[in-house]
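Single-letter residue listing:
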Amino acid sequence: MTEHAHPSEVITVENLVQTIGGQEILRGFSLKVYQGETLVLLGRSGGGKSVFLRHLIGLMQPVSGTVTVGQEVISGLQERELAKVRRSMGMLFQNGALFDSLTVADNVAFPLRERGETDESVVRAKVEEALQMVDLAGNEGKMPVNLSGGMRKRVALARALVNQPRCMLYDEPTAGLDPIVADSIDLLIRRLQRKLGVTSIVVTHDMKSTFTIADHVALLHEGRCYFYGTCDQLRASTDPVIRDFVEGRSHDEP
Amino acid sequence: MAPARYVGDLIFSFARYLGDLALLAGETMRGIFHGQVRPQLVVQQIYEVGFRSQLVVLITGAFTGAVFATQTYFQFHRLQMDTAVGPVVSVSMFRELGPVLCGLMVAGRVGAAMSAELGTMKVTEQLDALRALAVHPVDYLVVPRFLAMVISMPLLVAECIGVGILAAYLLTTQILGVSETYYVHNMLHFTGGRDVAMGLIKGMVFGVVIVFVSCHQGLNAREGAVGVGRATTEAVVIGSLFILVVNFFLTMALNIFFPAGK
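Residues numbered from 1 in each chain as written. Chains lettered and ligands numbered in written order. Predicted model: local features only at pLDDT ≥ 70, side-chain atom pairs only at ≥ 80, totals over all residues. Heavy atoms only, no water.

What follows is about the overall build of chain A. Secondary structure summary: chain A contains 9 helices and 10 strands in total. The C-alpha radius of gyration computed for chain A amounts to 18 Å, which stays within 12% of the reference 18 Å derived for 254 residues, consistent with globular compactness. Across its three principal axes, chain A shows a C-alpha extent of roughly 55 × 45 × 40 Å. Taken over 254 residues, chain A has a buried fraction of 52%. (Helix = DSSP H or I, 4+ residues; strand = E, 2+ residues; numbered from the N terminus. Rg over C-alpha atoms; globule rule 2.2 N^0.38 Å. Buried < 20%, exposed > 50% of the residue type's maximum accessible area, 1.4 Å probe, protein only.)

Let us look at the interface of chain B and chain A. Listed as interface residues are 20 residues of chain B and, on the opposing side, 23 residues of chain A. Among the residues chain B hides against chain A, the three largest losses belong to Arg131(B), Ala132(B) and Leu133(B). Together they make up 33% of the total. Our count for the contact surface shared by chain B and chain A stands at 6 salt bridges. Note that Glu114(A) is salt-bridged to Arg38(B), the shortest N-O span being 2.5 Å. Scanning the region where chain B abuts chain A turns up 9 residue pairs in polar contact (both at pLDDT 80 or more). When contributions to the side of chain B that touches chain A are tallied by element, the ones reaching two or more residues are α1 (2-33), α5 (126-132) and α6 (137-175) of chain B. At 6 residues, α5(B) tops the list of elements feeding residues into the side of chain B that touches chain A. Class assignment of the residues belonging to the side of chain B that touches chain A gives a composition of 9 nonpolar, 4 polar and 7 charged. (Contact = heavy atoms within 4.5 Å. Buried area = accessible area lost by both parts, 1.4 Å probe. Salt bridge = Lys/Arg side-chain N within 4 Å of Asp/Glu carboxyl O. Polar contact = N/O pair within 3.5 Å; in protein donor to acceptor, adjacent residues only side chain to side chain. Nonpolar A, V, L, I, M, F, W, Y, C, P; charged D, E, K, R; others polar.)

Across all of its chains, the model carries 10 aromatic pairs over all chains by this definition. Relative to Phe249(B), the ring of Phe248(B) has its centre 5.1 Å away and its plane inclined at 75°; by these criteria the two rings are edge-to-face. With a relative accessible area of 48%, Phe248(B) lands in the partly exposed category. Residue classification places Phe249(B) among the exposed residues on the basis of a relative accessible area of 52%. Every member of this aromatic cluster is reached through a ring pair, and the members are Phe99(A), Phe110(A) and Tyr140(B). Above the ring of Phe211(A), the side-chain terminus of Arg235(A) is found at 4.2 Å from the ring centroid. (Phe/Tyr/Trp six-rings, centres within 6.5 Å; stacked < 30°, edge-to-face > 60°. Lys NZ or Arg CZ within 6 Å of the ring centre and 35° of its normal.)

Under the criterion given, the structure shown has 0 disulfides over all chains. Of all cysteine sulfurs, the one in Cys231(A) lies closest to Cys225(A), which takes part in no disulfide; the gap is 14 Å. Among the residues examined, Cys225(A) registers a relative accessible area of 22% and is labelled partly exposed. Cys102(B) takes part in no disulfide bond, and the closest cysteine sulfur to it belongs to Cys160(B), at a distance of 5.0 Å. Take Cys102(B): its relative accessible area is 1%, and that puts it in the buried class. (Disulfide = S-S within 2.5 Å.)

Residues and elements named next belong to chain A. Here we have 6 strands laid out as an open sheet, ordered β6-β7-β8-β3-β9-β10, and mixed in their pairing. Single-partner strands in this sheet number two, and they are β6 (89-92) and β10 (224-229). When strand polarity is set aside, the average angle formed by the axes of neighbouring strands in this sheet is 15°. Here strand β7 (residues 167-171) pairs with strand β8 (residues 199-203) via 5 bridges, running parallel. Looking at β8, one finds that Cys167 is bridged to Thr199. (Pairing = 2+ DSSP bridges. Axes fitted to C-alpha atoms, helices over the stretch in contact; angles between N-to-C directions.)

Turning to unusual backbone geometry, a few remarks are in order. All names here are of chain A. Here Glu172, not a glycine, exhibits a phi torsion of approximately 50°, which is positive. Relative to the elements of secondary structure, Glu172 occurs in the loop between β7 and α6 (179-196). Although it is not a glycine, Glu222 adopts a positive phi angle of roughly 50°.

Tallied over the full model, the rule gives 21 salt bridges over all chains. For the salt bridge of Asp128(B) with Arg54(A), the shortest nitrogen-to-oxygen distance reads 2.4 Å. With one member in each of two chains, Asp128(B) in helix α5 and Arg54(A) in helix α1 (residues 49-56) form a pair that bridges those chains. We note that Asp128(B), like Arg54(A), is buried. Salt-bridge contacts for Glu120(A) lead to Arg113(A); the nearest nitrogen and oxygen are separated by 2.8 Å. A relative accessible area of 35% means that Arg113(A) is categorised as partly exposed. Connected through shared salt-bridge partners, Arg54(A), Glu79(A), Arg86(A), Glu125(B), Asp128(B) and Arg131(B) make up one network.

All names here are of chain A. Under the domain assignment used here, chain A contains domain 1 (1-88 + 166-248) and domain 2 (97-164). Summarising the inter-unit geometry, the C-alpha centres of domain 1 and domain 2 are found 25 Å apart. With 14 residues of domain 1 at the contact, the number on the domain 2 side is 10 residues. Where domain 1 abuts domain 2, roughly 1000 Å² becomes buried across the two surfaces, and 71% of that area is made up of carbon and sulfur atoms. Taken as a group, Arg87, Met168 and Leu188 account for 37% of the area that domain 1 buries against domain 2, more than any other trio of residues on that side. (Domains from an automatic or database assignment.)

Think of two packed helices as two axes; the pair is described by the angle between the axes and how far apart they sit. All names here are of chain B. Packing of helix α4 (residues 85-123) against helix α9 (residues 224-257) brings their axes to within 8 Å, and their N-to-C directions diverge by 150°. For the element pair α4 / α9, the angle class is roughly antiparallel. In the packing of α4 onto α9, the handedness of the crossing is right-handed. Here the contact of α4 with α9 is composed, by residue class, of 12 nonpolar, 12 polar and 2 charged. (Parallel < 35°, antiparallel > 145°, perpendicular 65-115°, else oblique. Left-handed = near helix turned anticlockwise from the far one by under 90°.)

Below, the structure is given as structure tokens:
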């Protein structure tokens, strides 16, 4: 792992081990994420990237190893003890995970109301602003079932961003989106980082997206951090595992 | 050895299941006492589980009362005890038939809906989304359902009993020709506050059983649509069986405080 001089570590993961259905998915994964950067986590499908991301917000507890957010070790905390850390973070789920009984506006307003905002004019203004940010203004009254996959993902992004988290976790933010919407999501992630200093961890397979948004890239391979470095270092690498991934080569017979 | 191991495993998994239900109940109480009650959701759930269950409960109560009165009348008529139909139907509806049948109907209607809703939220990551937004799923989903059930079930049971007694009265006095005055007099004479208390307490306890069994199944649903289907079926089956078993122990215990026929 390459060492860099950075202001402070927002997330530190040490020797994370996780087993699912008897199979060891993470085998001592370690990683540091620094204040204000965008880190892209690459890896093959089913390799444990999403599982890793879920540990960062306490949705899964590791078999062993530690996850530290800011100064607090969150691995091993009880559900209610995690609330404080979770309030400073946001997460975009792979399929959006919108509340299907609520309208778009109510989904986006949900975190505001849950954190005690009772002034409906403030809620409305913030919802409008968040939906404008993801190009979905005017869709407030729609139900999630009437939205396309890309729209759902963008509503979910608005919901995650409405409380201005200090750290955002994105699980495949551009998967299943057309190239134009995917690019707009990439630019939004970049804009949030530049304007608000949001630290982002992005799980993706999308190499174009990676080279657009990443300050650092980590490659998860066989349960461990196989590569950590900048985009330039990734491009320049001659390691066959990295080259196969970057160039999308399978070695299967045609 | 194999049968003994099978029985042992069965007892162990049942004990673990009861432990899970107790933990869910504990977490629900913690949510309530830590001020995590959302009144708007409680009202919404009262509408869903209470208001919208009324038709089912009223039909159940009416036909149970009518059928029970008919059967009792045919037996008692041979002994020339026609006016005893009133108290028999009334006490039976209050102490057993009302709460148990109402509980079984609500377990089917509301228990299945709760389990399916929470199960779908589980498999579509909506529960994880709640957790990621720093909202405890038990506080947001179970607490309102629990409070709504505790409020609604005694009222539903009261409706079921009331309609059952009314149906029995109308059938016995208007069709079977029993004297209205003696029917009502005997019914009021042999039915007391102890019977009313027993019916309402049972109703509330069955409501609590339904909500914890159904929510537990929903919150632990697995494997997509099949898992949600299984959770829903199990919620109804386990909820109904629990009502019957709990009813036996509740009857034994409540008879100490509210003895029958005194």
